[in-house]
Amino acid sequence: MFANGLPYLAIPGPSVMPDRVLRAMQRPSPNIYTGALHDLTHSLIPDLKSVAGTTGNAAIYIANGHGTWEAALANVVAEGDRVLVLATGVFCKGWGEMAQGLGVEVEVLDFGECAAVDPDRVEAALRADTKGRIRAVLMVLVDTSTGVLNDVRAVRSAMDAVGHHALLMVDAIASLGCDRYRMDASGADVTIAASQKGLMTPPGMGFVWFNAKADAQRGTLARVSRYWDWRPRVDPDAYWKYFDGTAPTHHLFALREALDMIKEEGLEAVWARHDGLARAIWAACEVWGQGGPLRLNVPDPAARSRAITSVVMEPGQADALRDWVEQKAGVTLGIGLGRDPASAYFRIGHMGHVNAHMVLGVLATIEAALAALDIPHGPGGVVAASSCLAELAGA
Ligand SMILES: *Cc1c(COP(=O)(O)O)cnc(C)c1O
């Protein structure tokens, strides 16, 4: 009834594509062998490193996030090796399944779906690895199915406490450019991301950042899949080889524009914006929860992402709410991916090109749905969210 107008895809990726990014793609195919595209590709590398907070290497792949899972693994483990997966939802488990597909033995430490990785359990698992068989620890910065934010630095400290040699590998796909993350300062050896979430670029490009320690482990492998091998992709004299074929021409222009937008705003300001918007969402959910079943999936604010929020209700209610906001108001929320029952969960994506009026619009629409569907809830969620933003923004 009120859905016509600008739709808002508030799912956790693909995120809202800025008009600037879309416009940057609207051009004829460029020459891929020489000229502007060559220079543009080179210009992306320092900015990609800076957004991930590393002085290490940045490799670009034509791949989605799943591709970067495999790219990262293919360079550091071989059949028969072992990895430790720190699961806080379906995404890190998925990375582990990718490793299994490569013939790698996978040990999973499961921390449930509502709390962050417990570094003490990681330390114990590494201590038990007396033969030093674990070659990599895989974790997500944010698990997109649960909204759990993990403390990478704390896992690094647990590894250091044991003196374990494994690489620390971080999937930052959900929240690079949203949740505060500095790869080097966190002690990660490998970080992966994809284009379509905080990086505000259409899906199809993936990134792997790696340091010298990870590259040394790459050097010990008897062979590496030619397509995933990161070495040719960071060779500055062979830019066309970055792609093992045709460059992702229009995606490169899009990414250039998106990285310019992040630079113009400043990464600190980008993080602060995501932080404030997330706090507004939490404030609304907490008020609604005072009078009904709705609650945030992650009770501890320190373990909540600033890019995606998972909300739980009674079975069936979340599906009804998602249908209502989409059909009546043009807002699409994320499904209860990987949850049981899925119909009790919805997720709000608030990553990338998102601001206060968009988040307030989503929250007011959810509040309208709660009323229309007769779902009990505390009154004044939107007021709480707008007060939260008013206080953070100041005069
Ligand atoms: C989105 C996402 C993925 C998967 O990325 P695709 O591009 O869909 O393959 C993996 N891990 C995390 C944490 C994600 O948010």
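None of the values given here were measured: they were computed from a predicted structure. (Residues numbered from 1 in each chain as written. Predicted model: local features only at pLDDT ≥ 70, side-chain atom pairs only at ≥ 80, totals over all residues. Heavy atoms only, no water.)

Student: Just to check I follow, could you spell out helix α2 (residues 36-52) for this structure?
Tutor: Residues three or four positions apart in an α-helix share a direction because the helix packs 3.6 residues into each turn. The terminal C-alpha atoms of α2 lie 25 Å apart, and with 17 residues this matches the ideal 24 Å at 1.5 Å per residue to within 8%. Here the buried face of α2 lies against β2 (57-62), α7 (183-186), β10 (205-210), α9 (249-265) and α10 (267-289). Positive phi appears at Gly53, one or two residues downstream of α2, with a value of about 70°. (Helix = DSSP H or I, 4+ residues; strand = E, 2+ residues; numbered from the N terminus. Expected span 1.5 Å × (residues − 1). Contact = heavy atoms within 4.5 Å.)

Student: Would you mind showing me how to read the nonpolar core here?
Tutor: Side chains of nonpolar character tend, in soluble globular proteins, to be buried together. Formed by 62 residues in total, the largest nonpolar core has its most connected members in Leu86 and Val122. Per element, the largest residue contribution to this core is 8 residues, and it comes from α9. Filtering out sequence-adjacent residues up to four positions away, Leu86 remains in contact with Cys92, Leu109, Phe111, Val117, Val122, Val137, Leu138, Met139 and Val155. (Core = buried A, V, L, I, M, F, W, Y, C linked by side-chain atoms within 4.5 Å. Buried < 20%, exposed > 50% of the residue type's maximum accessible area, 1.4 Å probe, protein only.)

Student: Which parts of the structure should I look at to understand the pattern of salt bridges?
Tutor: Opposite charge on two side chains makes pairing possible when the charged atoms of those side chains draw close. Under the criterion given, the structure shown has 23 salt bridges. One salt bridge in this structure joins Glu113 and Arg339, with 3.4 Å as the shortest N-O distance. Of the two residues, Glu113 sits in the loop between β4 (105-110) and α5 (119-128) while Arg339 sits in the loop between β13 (331-333) and β14 (345-349), which places them 226 residues apart along the sequence. Take Arg339: its relative accessible area is 6%, and that puts it in the buried class. In this structure, the salt-bridge partner of Arg306 is Asp275, at a minimum N-O distance of 2.8 Å. One end of the pair, Arg306, is in the loop between β11 (295-296) and β12 (308-312); the other, Asp275, is in helix α10, and 31 residues separate them in sequence. Ionic contacts of the salt-bridge type, sharing partners, join the residues Asp47, Arg256, Asp260 and Lys263 into one network. (Salt bridge = Lys/Arg side-chain N within 4 Å of Asp/Glu carboxyl O.)

Student: Hey, could you run me through the packing of α10 against helix α12 (residues 356-372) in this one?
Tutor: Packed helix pairs are specified by the crossing angle of their axes together with the interaxial distance, meaning the distance between the axes. It is at 10 Å that the axes of α10 and α12 come closest, and there the two elements cross at 15°. Viewed along their axes, α10 and α12 adopt a mutual orientation that is roughly parallel. In terms of crossing hand, the pair formed by α10 and α12 is right-handed. Between α10, through Leu277, Ala280, Ile281, Ala284 and Trp288, and α12, the contact on the second element is made entirely by Ala356, Val359, Leu363, Ile366, Glu367 and Leu370. Across the contact of α10 with α12, the residue classes tally to 10 nonpolar, no polar and 1 charged. (Axes fitted to C-alpha atoms, helices over the stretch in contact; angles between N-to-C directions. Parallel < 35°, antiparallel > 145°, perpendicular 65-115°, else oblique. Left-handed = near helix turned anticlockwise from the far one by under 90°. Nonpolar A, V, L, I, M, F, W, Y, C, P; charged D, E, K, R; others polar.)

Student: Sorry if this is basic, but what is going on with the domain arrangement of the protein here?
Tutor: Size of an interface: often given as the accessible area lost when the parts come together. Domain assignment breaks the protein into domain 1 (8-15 + 266-393) and domain 2 (31-263). Put simply, the middle of domain 1 and the middle of domain 2, counted by C-alpha atoms, are 28 Å apart. With both sides pooled, the region where domain 1 packs onto domain 2 buries about 2,300 Å², and carbon together with sulfur makes up 59% of that total. Linking domain 1 with domain 2 are 14 residue pairs in polar contact (both at pLDDT 80 or more). (Domains from an automatic or database assignment. Buried area = accessible area lost by both parts, 1.4 Å probe. Polar contact = N/O pair within 3.5 Å; in protein donor to acceptor, adjacent residues only side chain to side chain.)

Student: Is there a simple way to explain the sheet that holds β12 in this structure?
Tutor: Here we have 3 strands laid out as an open sheet, ordered β11-β12-β14, and antiparallel in their pairing. Lying at the two open borders of the sheet, with one neighbouring strand each, are β11 and β14. Bridge count for β11 against β12 is 2 bridges, and the pairing is antiparallel. Considered in β12, the bridge of Arg295 is made with Val312. (Pairing = 2+ DSSP bridges.)

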